[in-house]
Amino acid sequence: MRQAIVGYHRDDELHWVAELACGHHQHVRHQPPFINRPWVSTAEGRAGMLGVLLDCKKCDRGEPADSHTDT
C-alpha cells in the first residue's frame, strides 16, 4: 500500500528513516550504486519529498503503527 512521507528521524546508526502517514517507518538510505536516493542527503532534498508516496510493506502485512524508536 502506498503511503505519504510526513516526516523523518534518524535511527541509532544515524540512517534516515521516513515517517509515513500510516504510522509506519521506513529507512530511506542513499547507498549507491544499489540504492540511489541522493535527496536524503540534504534537508532541502528531504523536505522536497514530503508528501511523496512510498510502498509500505508493513501496511500490506497489516502490522500496527511503529513507535518512534522502531524502524
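In the block above lies the structure referred to throughout.
Procedures and definitions
Residues numbered from 1 in each chain as written. Predicted model: local features only at pLDDT ≥ 70, side-chain atom pairs only at ≥ 80, totals over all residues. Heavy atoms only, no water. Helix = DSSP H or I, 4+ residues; strand = E, 2+ residues; numbered from the N terminus. Buried < 20%, exposed > 50% of the residue type's maximum accessible area, 1.4 Å probe, protein only. Polar contact = N/O pair within 3.5 Å; in protein donor to acceptor, adjacent residues only side chain to side chain. Core = buried A, V, L, I, M, F, W, Y, C linked by side-chain atoms within 4.5 Å. Contact = heavy atoms within 4.5 Å.

Turning our attention to the environment of Asp11. With respect to the helices and strands, the residue Asp11 is situated in the loop between strand E1 (2-10) and strand E2 (16-20). On the basis of relative accessibility, which here comes to 13%, the residue Asp11 falls in the buried class. Here the alpha-carbon distance between Asp11 and His27, two residues 16 residues apart in the chain, equals 8.7 Å. At 2.8 Å, the side chain of Asp11 and the backbone nitrogen of His15 are in polar contact. There is a polar contact of 2.7 Å between the side chain of Asp11 and the side chain of His27.

What follows concerns the nonpolar core. By size, the foremost hydrophobic cluster in this structure holds 11 residues: Ile5, Tyr8, Trp16, Ala18, Leu20, Val28, Trp39, Val40, Leu54, Cys56 and Cys59. Here this core gets 3 residues from one element, more than from any other, and that element is E2. With residues near it in sequence (within four places) discarded, Ile5 still touches Ala18, Glu19, Leu20, Trp39, Met49, Leu50, Gly51, Val52 and Leu54.

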